[in-house]
Each structure stands twice: as C-alpha cells, then as structure tokens.
Amino acid sequence: MSRIGCVAGVFDLFHVGHVDVLERARRACDRLVVGVLTDQWALDAWGARPFVPLVERAQILENLRCVDEVVVVDGVRPEWLTDVLEVRTVFAASRLDGVLGVDELDGIPPALITVLPAGRGSRSPILRAAIDQRQSRSSVA
C-alpha cells in the first residue's frame, strides 16, 4: 500500500516557499494530494479573499511535478482524508505561509500529522509585505 500524504493551504501569491513545502512533503510520501482551500475559507479565516482566484491557484498546483492530485476543499475533515482519500500523513507547516499549521488541523489525529520544518520563504520584499500584512490581519481577527 502506498503512503498517501496531504498538504492543505490557500496557496495565494504562490512563491518558492510553497514549492519548498510541497517538494519536502512529496519526498516523505509516495503520493501527494494537495487540498486548495476555497475563497470562502480564506474570507472566514483571514477576513479577506485571496488575491489569486481559486481556479488559478489550483491550476498552478496541478502543474507541479511534486503534486499528484489537487482537490478543492472548504476545510480539512478527518474522515474525508482517511476514508475517501486514504491519506496516512497530513503535513503541516511550522510557520504560517499559506499552508495549514498544526493548530489549524482540528480533529486530525496527532498520529497522522507530520510537521515540516520551516523552509525557504519568498525573498521578494513586495510579496513578503503582502504575506506579512495578510498574516497580521488574520491574527487580529
């Protein structure tokens, strides 16, 4: 049986940090499923819609070699991950950057969660400023 892993996130303002997380997750499993969170999820969590539309975010991910499947999700439900997708590992980010962290994986059994250490982030000052502004807005909400 192959080890199926899952990473969930908004993947807005896609950058090298996203690629880094996805590549590291893919190396730790046989098949990587990426859950792209909806605009409504982002609106509820951040208080704002993503800059990049959902369809475009999904298309970017579908074209990465390290991603085997992309699904659009409005949250991460344990029974859906384990029963439908047969996921055995849910990867979490150790810092906020558009990928869900452990604290955002409510209901996922801790035995299924693997935390990926912080990797590269974008070096673009404009992109970093937009990401940082979004993160500070969501921490206030």
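Criteria and cut-off values
- Residues numbered from 1 in each chain as written.
- Predicted model: local features only at pLDDT ≥ 70, side-chain atom pairs only at ≥ 80, totals over all residues.
- Heavy atoms only, no water.
- Helix = DSSP H or I, 4+ residues; strand = E, 2+ residues; numbered from the N terminus.
- Buried < 20%, exposed > 50% of the residue type's maximum accessible area, 1.4 Å probe, protein only.
- Contact = heavy atoms within 4.5 Å.
- Arc of directions from axis to C-beta.
- Pairing = 2+ DSSP bridges.
- Axes fitted to C-alpha atoms, helices over the stretch in contact; angles between N-to-C directions.
- Right-handed = clockwise from strand over helix to strand, strands pointing away.
- Core = buried A, V, L, I, M, F, W, Y, C linked by side-chain atoms within 4.5 Å.

Participant: Run through the overall build of the chain, naming residues and quoting values.
Facilitator: Looking only at helices and strands, the chain features 5 helices and 5 strands. Ordering the α and β elements of the chain from the N terminus gives β-α-β-α-α-β-α-β-β-α. Within the span of the chain, comprising 141 residues, buried residues form 48% of the whole. Taking contacts inside the chain between residues at least 6 apart in sequence as the whole, the part at least 24 apart equals 71%.

Participant: How would you summarise the environment of Ala-111 if you had to cite specific residues and measurements?
Facilitator: For Ala-111, the location among the structural elements is in the loop between β4 (89-93) and β5 (113-116). Each C-alpha atom of the pair Ala-111 and Val-90 lies 9.3 Å from the other, and the pair is 21 residues apart in sequence.

Participant: Tell me what's going on with helix α2 (residues 39-46), and back it up with residues and numbers.
Facilitator: Listing the buried residues of α2 in full gives Trp-41, Ala-42 and Trp-46. Relative to the axis of α2, the buried residues are bounded by an arc of 105° and lie together on one face. Just beyond α2, the residue with positive phi is Gly-47, at close to 80°.

Participant: An account of the sheet that holds strand β3 (residues 69-73) is requested, with residue identities and associated values reported.
Facilitator: Ordered in space as β3-β2-β1-β4-β5, the 5 strands form an open sheet in which the pairing is parallel. At either end of the open sheet lies a strand with only one pairing partner, and these are β3 and β5. Across this sheet, the average inter-strand angle for adjacent strands is 30°, counted without regard to direction. The pairing of strand β1 (residues 4-9) with strand β2 (residues 31-37) spans 6 bridges and is parallel. Bridge pairing in β2 places Ile-4 opposite Arg-31. Against the sheet, helix α3 (residues 54-62) makes contact with β2 and β3, and its axis sits at roughly 165° relative to β2, the strand it touches most.

Participant: Give me the lowdown on the pairing of β2, citing residues and values where you can.
Facilitator: In terms of burial, β2 is largely enclosed, as 6 of its 7 residues are buried. On the question of chirality, the crossover connecting β1 to the parallel β2 by way of helix α1 (residues 16-27) is right-handed.

Participant: An account of unusual backbone geometry is needed here, citing residue identities and associated values.
Facilitator: For Leu-13, which is not glycine, the phi dihedral falls at a positive 50°. When you line up the elements, Leu-13 lands in the loop between β1 and α1. Here the phi dihedral of Glu-86 falls at roughly 60°; this positive angle occurs in a residue that is not glycine.

Participant: Just give me the short version of the side chain of Thr-38, but keep the residues and values in it.
Facilitator: By secondary structure assignment, the location of Thr-38 is in the loop between β2 and α2. A relative accessible area of 16% places Thr-38 in the buried class. Residue contacts for Thr-38: discarding those within four places in its chain leaves Leu-54, Arg-57, Val-72, Val-73 and Asp-74.

Participant: I'd like a rundown of the nonpolar core, residues and numbers included.
Facilitator: Counting 22 residues, the largest nonpolar core has Val-76, Leu-81, Val-87, Leu-100, Leu-105 and Ile-108 as its most contacted members. When residues of this core are traced back to their parent elements, those giving at least two are β1, β2, α2, β3 and β4. Sequence-distant contacts of Val-87, defined by excluding residues within four places in its chain, comprise Ile-4, Gly-5, Cys-6, Leu-81 and Thr-82. Formed by 19 residues, the second largest nonpolar core is a distinct cluster that contains Cys-29, Leu-32, Phe-91 and Leu-116.

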